[in-house]
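Architecture at a glance
Listed here are the chains, written in short residue letters.
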Amino acid sequence: MTAFRIPSAFRIPSDAAEARAVQDDLRARVILDEPGPPPGRGRVTGVDVAYDDERDIVAAAAVVLDAATLEVVEEATAVGRVSFPYVPGLLAFREIPTLLAALENLTADPGLVVCDGYGRAHPRRFGLASHLGVLTGLPVIGVAKSPFTFTFEQPGPRRGDQSPLLDGQEEVGRALRTRDGTKPVYVSVGHRTGLDNAVAHTLALARDFRQPETTRRADSLCRRALREATA
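Residues numbered from 1 in each chain as written. Predicted model: local features only at pLDDT ≥ 70, side-chain atom pairs only at ≥ 80, totals over all residues. Heavy atoms only, no water.

A separate point is the overall build of the chain. The helix and strand inventory of the chain stands at five helices and eight strands. If you list the helices and strands of the chain from N to C, you get α-β-β-β-α-β-α-β-β-β-β-α-α. Over its C-alpha trace the chain gives a radius of gyration of 16 Å, about what one expects of a compact globule, namely 17 Å for 231 residues. In terms of overall dimensions, the chain has C-alpha extents of about 45 × 40 × 35 Å along its principal axes. (Helix = DSSP H or I, 4+ residues; strand = E, 2+ residues; numbered from the N terminus. Rg over C-alpha atoms; globule rule 2.2 N^0.38 Å.)

Dropping the structure here:
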């Protein structure tokens with residue numbers, strides 16, 4: 001079993017209003033004053049999900065990497081039913097039950113968890129990375145492929161160039177160039193990690209591609225798990 005805590009039960013809200021109330025309650029538990037684990041040391045875990053909308057099936061993957069070498073330490077998957085409708089801003093309720101199951105199937109300590117999604121960069125400041133962090137107690141960051149509803153100035157063209165992701169005057173994340181001349185990714189804090197550290201982790205994990213290796217591995221594994229589940 002994993003060393004971190006898994007909620008004994010995760011109740012699916014009955015509707016969007018109840019889901020937003022859950023977000024409001026859990027948001028108060030987000031820890032923002034910890035720097036988080038240092039990049040390039042220990043372990044990092046990528047999580048991702050894939051859907052079969054026709055069958056209402058979701059497959060989740062958790063892939064643990066050695067942070068220094070990016071070699072795979074352990075992989076785990078879980079398959080479940082989609083039990084909450086698609087509502088913008090409430091995507092976590094569709095994904096978290098199966099993601100928790102995949103994390104629970106790990107025997108290795110996940111270390112820092114990297115979500116393909118948002119943390120503070122969310123209209124209610126409580127995206128998937130924050131939600132997963134509060135429920136598990138793990139340090140979690142979000143690295144997304146799009147800026148959602150927020151504004152930013154294009155960062156410079158070189159790897160490591162970055163600019164604030166803004167909601168009005170509030171910085172909710174960073175637009176980060178992980179490779180020269182490619183589109184940026186969008187980094188935000190989820191839980192128990194500072195934004196500068198989240199950016200440093202993202203760069204350390206994106207050595208050869210735009211996306212962090214954690215995300216690439218988890219995406220591939222959850223798609224494979226979905227194919228096998230629906231074959």
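Summarising the element assignment, Arg177 is placed in the loop between strand 7 (170-176) and strand 8 (185-191). Here Arg177 sits buried without a salt bridge, and the closest side chain of opposite charge, Asp161, lies 5.9 Å off (N-O distance). A polar side-chain atom of Arg177 sits 2.6 Å from the main-chain carbonyl oxygen of Pro155. For Arg177, the side chain forms a polar contact with the main-chain oxygen of Thr182, separated by 2.7 Å. (Buried < 20%, exposed > 50% of the residue type's maximum accessible area, 1.4 Å probe, protein only. Lys, Arg positive; Asp, Glu negative; His and termini not counted. Salt bridge = Lys/Arg side-chain N within 4 Å of Asp/Glu carboxyl O. Polar contact = N/O pair within 3.5 Å; in protein donor to acceptor, adjacent residues only side chain to side chain.)

Helix 3 (residues 128-136) packs onto helix 2 (residues 92-104) with a crossing angle of 45° between their chain directions and a minimal axis gap of 11 Å. The orientation of helix 2 relative to helix 3 falls into the category oblique. The element helix 2 and its partner helix 3 pack so that their crossing is right-handed. Residues Ala92, Phe93, Glu95, Ile96, Leu99, Leu100 and Leu103 of helix 2 touch helix 3, and the partners they reach there are Leu128, His131, Leu132, Leu135 and Thr136. Split by residue class, the contact of helix 2 with helix 3 holds nine nonpolar, two polar and one charged. (Axes fitted to C-alpha atoms, helices over the stretch in contact; angles between N-to-C directions. Parallel < 35°, antiparallel > 145°, perpendicular 65-115°, else oblique. Left-handed = near helix turned anticlockwise from the far one by under 90°. Contact = heavy atoms within 4.5 Å. Nonpolar A, V, L, I, M, F, W, Y, C, P; charged D, E, K, R; others polar.)

This part covers the layout of surface pockets. Space inside the largest pocket adds up to approximately 520 Å³. Residue lining of the largest pocket: 26 residues in total, with Leu91, Glu95, Asp116, Gly117 and Tyr118 positioned closest to the centre. Those elements giving two or more residues to the lining of the largest pocket turn out to be strand 1 (43-52), helix 2 and helix 5 (213-230). It is strand 1 that contributes the most residues to the lining of the largest pocket, five residues altogether. Here the lining of the largest pocket is composed, by residue class, of 15 nonpolar, five polar and six charged. (1 Å grid on protein atoms, 1.4 Å probe; cavity = no way out; pocket = protein on both sides within 12 Å on 5 of 7 lines; lining within 4 Å. Points joined across faces, edges and corners; volume = space filled by probe spheres on them.)

Moving on: the packing of aromatic side chains. As enumerated under the stated definition, the model contains three aromatic pairs in all. Measuring from ring centre to ring centre gives 5.5 Å for Phe84 and Phe93, while their planes differ by 40°; the resulting arrangement is tilted. The exposure classification of Phe84 matches that of Phe93, with both residues buried. When the centroid spacing of 5.0 Å and the interplanar angle of 20° are considered together, the rings of Tyr118 and Phe148 count as stacked. Of this pair, Tyr118 sits in the loop between strand 4 (112-115) and helix 3 while Phe148 sits in the loop between strand 5 (140-144) and strand 6 (162-167), and the two are 30 residues apart along the sequence. By relative accessible area, which is 16% here, Tyr118 ends up buried. (Phe/Tyr/Trp six-rings, centres within 6.5 Å; stacked < 30°, edge-to-face > 60°.)

Before going further, it helps to examine helix 5. Taking 1.5 Å of rise per residue, 18 residues should cover 26 Å, and helix 5 covers 26 Å from first to last C-alpha, within 8% of that figure. Listed in full, the buried residues belonging to helix 5 are Glu213, Thr214, Thr215, Ala218, Leu221, Cys222, Ala225 and Leu226. Summarising the contacts, the buried residues of helix 5 are in contact with strand 1, strand 2 (57-66), strand 3 (72-81), strand 4 and helix 4 (195-205). (Expected span 1.5 Å × (residues − 1).)

Rolled over the atoms, a probe sized like a water molecule indicates the empty space that remains. One pass over the structure, following the stated rule, counts one cavity of 30 Å³ or more. Lining the largest cavity are Pro39, Gly40, Val44, Ala67, Leu70, His201, Ala204 and Leu205. Its residues assigned to classes, the lining of the largest cavity shows six nonpolar, two polar and no charged.

Before going further, it helps to examine the state of the cysteines. Scanning all chains against the criterion turns up zero disulfides. Free of any disulfide, Cys115 has its nearest cysteine sulfur in Cys222, 12 Å distant. Cys222 sits in the buried class, given a relative accessible area of 0%. (Disulfide = S-S within 2.5 Å.)

Applying the stated criterion across every chain yields a total of 15 salt bridges. Close ionic contact of Arg125 with Asp167 constitutes a salt bridge, the shortest N to O distance being 2.7 Å. Here the residue Arg125 occupies a position in the loop between strand 4 and helix 3, and Asp167 occupies one in strand 6, the gap between them amounting to 42 residues. Judged by its relative accessible area of 12%, Arg125 is buried. Using a relative accessible area of 35% as the deciding quantity, one classes Asp167 as partly exposed. In this structure, Arg217 engages Glu213 in a salt bridge whose closest nitrogen and oxygen atoms are separated by 3.1 Å. One end of the pair, Arg217, and the other, Glu213, are both in helix 5, four residues apart, so they sit about a helical turn from each other. For Arg217, a relative accessible area of 32% gives the class partly exposed. Via salt bridges that share partners, Arg120, Arg125, Asp167 and Glu170 belong to a single interconnected network.

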